[in-house]
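Structural characterization, general
Below are the chains, spelled out letter by letter.
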Amino acid sequence: MTLRTSIGYATTEDIFVRGKNLSTDIIPNADFVDMACLCILGHYPEPRFKRMMNVILVTSCDHGFTPISMAARLTYLGAPESLQGAVAAGLLGAGDRYLGVTQNVAQMLTEETHGLAADSPAGQFRDRARDLLTRYTAQKRKIAGVGHPIHVDGDPRVGALRTVSQENGYYGKCWHLLDAIADVHQAEFGKFLPINGAGAMGAIAADMGLDPKAARGLALVGRTAGLIAHIIEEAGAPTAPQMWKLVLQAEQCEP
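The structure displayed is predicted, hence computed values, not measured ones.

Rules of the game
- Residues numbered from 1 in each chain as written.
- Predicted model: local features only at pLDDT ≥ 70, side-chain atom pairs only at ≥ 80, totals over all residues.
- Heavy atoms only, no water.
- Axes fitted to C-alpha atoms, helices over the stretch in contact; angles between N-to-C directions.
- Helix = DSSP H or I, 4+ residues; strand = E, 2+ residues; numbered from the N terminus.
- Parallel < 35°, antiparallel > 145°, perpendicular 65-115°, else oblique.
- Contact = heavy atoms within 4.5 Å.
- Nonpolar A, V, L, I, M, F, W, Y, C, P; charged D, E, K, R; others polar.
- Phe/Tyr/Trp six-rings, centres within 6.5 Å; stacked < 30°, edge-to-face > 60°.
- Lys NZ or Arg CZ within 6 Å of the ring centre and 35° of its normal.
- Patch = residues over 30% accessible without salt bridge, like charges linked within 9 Å, V, L, I, M, F, W, Y side chains within 5 Å.
- Areas by Shrake-Rupley, 256 points an atom, 1.4 Å probe, with all protein chains shown as cover.
- Salt bridge = Lys/Arg side-chain N within 4 Å of Asp/Glu carboxyl O.

Contact geometry for helix α3 (residues 47-60) and helix α8 (residues 156-167): axes closest at 10 Å, N-to-C directions at 170°. On the basis of the axis angle, α3 is roughly antiparallel to α8. Seen from α3, the contacting residues are R51, M52, V55 and T59; seen from α8, they are R157, L161, V164 and S165. The class makeup of the residues in the contact of α3 with α8 is four nonpolar, two polar and two charged.

Along the chain, D153 falls in the loop between α7 (122-139) and α8. Measuring from C-alpha to C-alpha, the distance between D153 and Y44 comes to 39 Å, with 109 residues separating the pair along the chain. In this structure D153 touches F192 and P194, once residues within four positions along its chain are discounted.

Applying the stated criterion across every chain yields a total of three aromatic pairs. When the ring of Y9 is compared with that of F16, the centres are 5.2 Å apart and the planes differ by 20°; the resulting orientation is stacked. With centroids separated by 6.2 Å and ring planes inclined at 80°, the aromatic side chains of F49 and Y170 adopt a geometry described as edge-to-face. On the criterion of sequence distance, the pair formed by F49 in helix α3 and Y170 in the loop between α8 and α9 (173-189) is long-range, its members being 121 residues apart. The ring centre of Y136 lies 4.0 Å from the NZ or CZ of R141, which sits over that ring.

Where nonpolar side chains cluster on the molecular surface, the patch consists of F65, M70, L74, L77, W244, V247 and L248 and spans about 610 Å² of accessible area. Secondary structure elements with two or more residues in the nonpolar patch: α4 (67-78) and α12 (240-253). Within the secondary structure layout, W244 lies in helix α12.

This is how it looks when you write it as structure tokens:
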């Protein structure tokens with residue numbers, strides 16, 4: 001039995017990725033986003049697409065103290081010899097509440113915009129938003145991509161992400177539906193839940209035509225760099241011992 005992958009292979013003399021020679025074709029000419037697109041999509045990106053890939057990676061890189069970065073720091077406290085273990089611990093905390101939301105939004109918007117075009121009338125997007133909100137409310141499902149525990153008056157990342165999307169031609173039907181969801185939610189359902197960063201990145205990924213799993217994957221790649229920064233800082237200026245101390249103090253206060 002022969003096992004093959006279309007992504008890459010090696011011979012005695014050379015390594016190939018998507019049919020390109022790694023040493024002679026790729027290393028001298030490609031940057032990281034070029035290589036990521038080559039691996040994931042099978043080809044190099046055109047400039048506007050590449051810009052949006054960079055935007056997702058940059059936006060995902062760090063978010064300060066979050067459960068993800070705290071998990072990485074606490075793991076480093078227990079296993080300072082294992083950088084990869086601390087990074088992995090942080091990434092394993094990426095799910096439906098933190099970081100992985102990008103995939104959920106992309107999936108939702110891709111499904112809910114079926115049959116619509118970017119230039120469809122605004123009323124059609126509002127109708128779709130109203131239908132989605134009615135269904136989700138009846139099913140007691142959380143709508144991914146709106147609301148934020150800190151940025152309650154609006155996520156500062158969203159305006160920048162919208163502008164870059166518009167400048168590069170990726171402000172399409174998925175962005176329009178997400179905007180309509182936020183608008184209808186406030187106007188007709190009586191609650192202000194602004195679009196959050198994960199929602200904006202999910203709309204970008206969906207309007208780029210990316211597989212929703214790739215949207216989560218890019219967020220994980222971006223956050224990996226941020227977690228490395230947290231662990232390097234942790235090594236020189238530890239915070240995990242204080243986190244652990246707070247846990248011990250809380251246990252002692254319990255009746």
